[in-house]
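# An overview of the molecular structure
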Amino acid sequence: MQHEDKTVQKKNLYGIEITKDLTIPKLFYEKAEKYGEGRIAMREKEFGIWRPITWKDYFENVKYITLGLIRLGLEEGDKVAMIGDNRPEGLWAEMATLCARGVGVWLFRDCLIDEVKYIIDHSDTKFLFGEGQEEVDKALSIFDQCPKLEKIIWDDPKGMRNYDQDCLISLKEVQELGRELERQQSTLFEETIKKGHGDEVALLFYTSGTTSLPKGALLSHNNMLTMGQHLMTVDPCQSTDDYASYLPFAWIGEQMMSISCGLQVGYTINFPEEPDTAQENIREIGPHVMFAPPRMYEQMTRTVQVKYLDAPWIKRKCFELSTKIGYHVADLKFQKKSAPWYLTFFNWLANIAVQKKIKDHLGLSRVRNAYTGGAAMGPDHFRFFHALGVNLKQIYGQTEVAGISVVHRSGDIKFDTVGHPIPETEIKITEDGEILTRSPSVFLGYYKNPEATEETLKDGWLHSGDKGFIDDDGHLVVFDRTKDVFTLRDGKPFSPQYLETRLKFSPYVRDSWVIGDQRDYITAVICIDYAVTGKWADEKKINYTSYQELSQMPEVYDLVEKQIIMANKDLPETARVEKFVNLYKEFDADDDELTRTRKLRRAFVEKRYQDIIEALYTNNDNVHIDTTIKYEDGREAHINTDLHIRRLKIED
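Residues numbered from 1 in each chain as written. Predicted model: local features only at pLDDT ≥ 70, side-chain atom pairs only at ≥ 80, totals over all residues. Heavy atoms only, no water.

Moving on, we come to the overall build of the protein chain. Helices and strands together make up the secondary structure of the protein chain, namely 21 helices and 30 strands. The C-alpha radius of gyration computed for the protein chain amounts to 25 Å, which stays within 12% of the reference 26 Å derived for 652 residues, consistent with globular compactness. Across its three principal directions, the C-alpha atoms of the protein chain cover 80 × 60 × 55 Å. Counting only residues that meet the buried cut, the protein chain has 59% of its 652 residues in that class. (Helix = DSSP H or I, 4+ residues; strand = E, 2+ residues; numbered from the N terminus. Rg over C-alpha atoms; globule rule 2.2 N^0.38 Å. Buried < 20%, exposed > 50% of the residue type's maximum accessible area, 1.4 Å probe, protein only.)

This is how it looks when you write it as structure tokens:
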């Protein structure tokens, strides 16, 4: 068992005392009173201009939405769902729901109709906030199938002129209802907030559902606030800091930074203009703290690698030299050794000449602490960012602990671990290697699922379903999900995620799926990155017409084989990929192959691609595919092709 920093002060660094009576709305009220018009609470880029929103504006908008919801009939414990991009109105709607003593439920914007229906119906949602026409269309299509759903509230008027259904109401109309109610009951808003209690349910989060239907995790105000308090004890932020909010609010990681930590610190939350402009907008803001899943850092790495491939010879050599120096310095830091003066000097030069420009391009020039979590990150990506001088830290947690329970400490980072527990968090490893957690942030249980709650929560301990161990330095090592751990042919356990992340360090590989549990050898299914590989093929004057055709080119197989050989290095012979196939399409969340946070649904893909798995473990050189794929716009395409299977030469 490991338990760190058990005794903490009643008041945290920001003068906030986390008690059983404190709620998110009460904290919001205090911050709004403190800062008023004198501090920017959030910014949104709109029509190319950053629009500031003061704490007073934030407060006024939330107040009238809250009273409007009460006027519409929202009662204590009622569920209110939100769907749309990251924007101020979405955060206002969530905060207003909590102020009215309702329960917030977020959905991913790209959820399909069936997913929307399941969550809205299962959660007993009463009101649904949709950003605009697209979200309203989804809501209207399932409205009659969700008996508890009464109103759909929209805020973007684009395309909404001819919508006149009785269940629809605009955000402005809701706020006007709130103003009318305030004229009748001037103190209702404050009185409603004061009634709240820390143990009440604040948010209902649906898990990613990698193996089954998503489960709704119930998180209290106290769960969320204690988690934020303890993370900020480890890595304090400042009220003058900027944070970029671009990841879905349906992901606990974004709630962790925008609500749990953001409210306590009072830093400015910045919303990009569109999801497609997020990286550019982040560069403009230059946030001081950043949190993202590995896929975002993988994309950043890919961006740099592609720029490198396109650069002139002299720039490539400068990048190679500076990166080599950066890696050397980073490795010494990992070993807790000081770099010699000459290496420190060369690293300073490398930073001025190359690294500083790359960090600025990625929006990381001012970042003090960058976090990643939600899935495994490969050591190659981790070392890459530390070589640039970015203080990237791995965190470990899950929705059921309000986001985080373990994090790296600055100066004590080991890229094959996730660090030490945050204050007031205990970690215990069972005899069979399962990771258990106990803390004030452990959730209340699953909504409408007492059986799953009993399996997960036992005597106050959260059973994670992950395998791991605590190393000699007290760091937690997370091996993998228990159900996903392989047994190699020599009987040793192996994490497929580890190899998959190494494969994805290549700019030409978008996704990878490693197979081999209790089999004679390891195989892989590769999804190439169409844009990067396509550009490479254009430069090589290789003609192709589609992803499917490009993926099966012999030259592309040669390219991917080189990437796999590199990933195989330093691995034991039994853990190396021996055969692989390039898939005819990318893995897609809309096809149920990935979760909305891009985790691989292993059980599903094993069933869908059973023919490919069988072919990989026979002497076949090809596997025939006859299937239909569906595009986002509803079009369907018939795929009738042969996929080539290639065997690698395994060298000791």
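Neither face of strand S13 (residues 289-292) is exposed, since Val 289 and Phe 291 on one face and Met 290 and Ala 292 on the opposite face are all buried. Here S13 pairs with strand S14 (residues 369-372) via 4 bridges, running parallel. Bridged to Ala 292 within S14 is Thr 372. (Pairing = 2+ DSSP bridges.)

Let's shift gears to the packing of aromatic side chains. Counting across every chain of the model gives 28 aromatic pairs. An angle of 55 degrees between the planes, with centres 5.9 Å apart, marks the rings of Phe 345 and Phe 346 as tilted. Within the aromatic cluster, the residues linked to one another by ring pairs are Phe 28, Tyr 29, Tyr 35, Trp 55, Tyr 58, Phe 59 and Phe 189. Directly above the ring of Tyr 446 sits Lys 215, whose terminal nitrogen or CZ lies 5.3 Å from the centroid. (Phe/Tyr/Trp six-rings, centres within 6.5 Å; stacked < 30°, edge-to-face > 60°. Lys NZ or Arg CZ within 6 Å of the ring centre and 35° of its normal.)

Structurally, Arg 101 can be placed in the loop between helix H3 (88-99) and strand S5 (103-107). By relative accessible area, Arg 101 is classed as buried at 16%. A sequence separation of 101 residues divides Arg 101 from Ala 202, and the C-alpha atoms of the two residues are 7.9 Å apart.

The next subject is a nonpolar patch on the surface. On the surface, Trp 341, Tyr 342, Phe 345, Phe 346, Trp 348, Leu 349 and Ile 352 cluster together to form a nonpolar patch covering roughly 800 Å² of accessible area. One can find Phe 345 in helix H13 (residues 341-362). (Patch = residues over 30% accessible without salt bridge, like charges linked within 9 Å, V, L, I, M, F, W, Y side chains within 5 Å. Areas by Shrake-Rupley, 256 points an atom, 1.4 Å probe, with all protein chains shown as cover. Salt bridge = Lys/Arg side-chain N within 4 Å of Asp/Glu carboxyl O.)

To continue, consider the pairing of strand S19 (residues 434-438). Buried residues dominate S19, accounting for 4 of its 5 residues. Sheet topology note: the strand S18 (residues 425-429)/S19 ladder contains 4 bridges and is antiparallel. Bridge pairing in S19 places Lys 428 opposite Leu 436. Counted along the chain from S18 to the antiparallel partner S19, the turn is 4 residues long, and its residue Gly 433 has a positive phi close to 90 degrees. Summarising the sheet, S19 and strand S22 (residues 461-470) pair through 3 bridges and their orientation is antiparallel. Bridged to Leu 436 within S22 is His 463.

Averaged over every residue, the pLDDT of the protein chain is 90; residues scoring 70 or more account for 96%. Low pLDDT (under 50) marks residues 3-9, which in the prediction has 17 contacts with non-local residues, meaning those over four places away or in another chain. (pLDDT = per-residue confidence, 0-100. Contact = heavy atoms within 4.5 Å.)

The buried count for helix H14 (residues 379-387) comes to 7 of 9 residues, which makes it a mostly enclosed element. Those residues of H14 not exposed but buried are Pro 379, His 381, Phe 382, Phe 384, Phe 385, His 386 and Ala 387. On its buried side, H14 packs onto helix H11 (294-310), helix H12 (313-334), H13, S14, strand S15 (392-396) and helix H16 (496-503). Just downstream of H14 lies Gly 389, where phi reads positive at about 90 degrees.

Turning our eyes to something else, we now look at unusual backbone geometry. The backbone of Glu 424 shows a phi angle near 60 degrees, a positive value even though the residue is not glycine. Looking at the secondary structure, you find Glu 424 in the loop between strand S17 (420-421) and S18. Judged by its relative accessible area of 26%, Glu 424 is partly exposed. With a phi close to 60 degrees, Lys 541 is a non-glycine residue in the positive phi region.

A few words now on the packing of helix H1 (residues 24-35) against helix H2 (residues 55-72). The N-to-C vectors of H1 and H2 enclose an angle of 140 degrees; their axes lie 8 Å apart at closest approach. One way to sum up the angle between H1 and H2 is to call them oblique. The interaxial crossing formed by H1 with H2 has left-handed handedness. Residues Phe 28, Tyr 29, Lys 31, Ala 32 and Tyr 35 of H1 pack against Trp 55, Tyr 58, Phe 59 and Val 62 of H2. Of the residues that constitute the contact of H1 with H2, the class distribution is 8 nonpolar, no polar and 1 charged. (Axes fitted to C-alpha atoms, helices over the stretch in contact; angles between N-to-C directions. Parallel < 35°, antiparallel > 145°, perpendicular 65-115°, else oblique. Left-handed = near helix turned anticlockwise from the far one by under 90°. Nonpolar A, V, L, I, M, F, W, Y, C, P; charged D, E, K, R; others polar.)

What follows deals with the side chain of His 230. Examined against the element boundaries, His 230 turns out to sit in helix H8 (residues 221-234). Ignoring sequence-local partners within four residues, the contact set of His 230 consists of Ile 422, Pro 423, Glu 424 and Pro 440.

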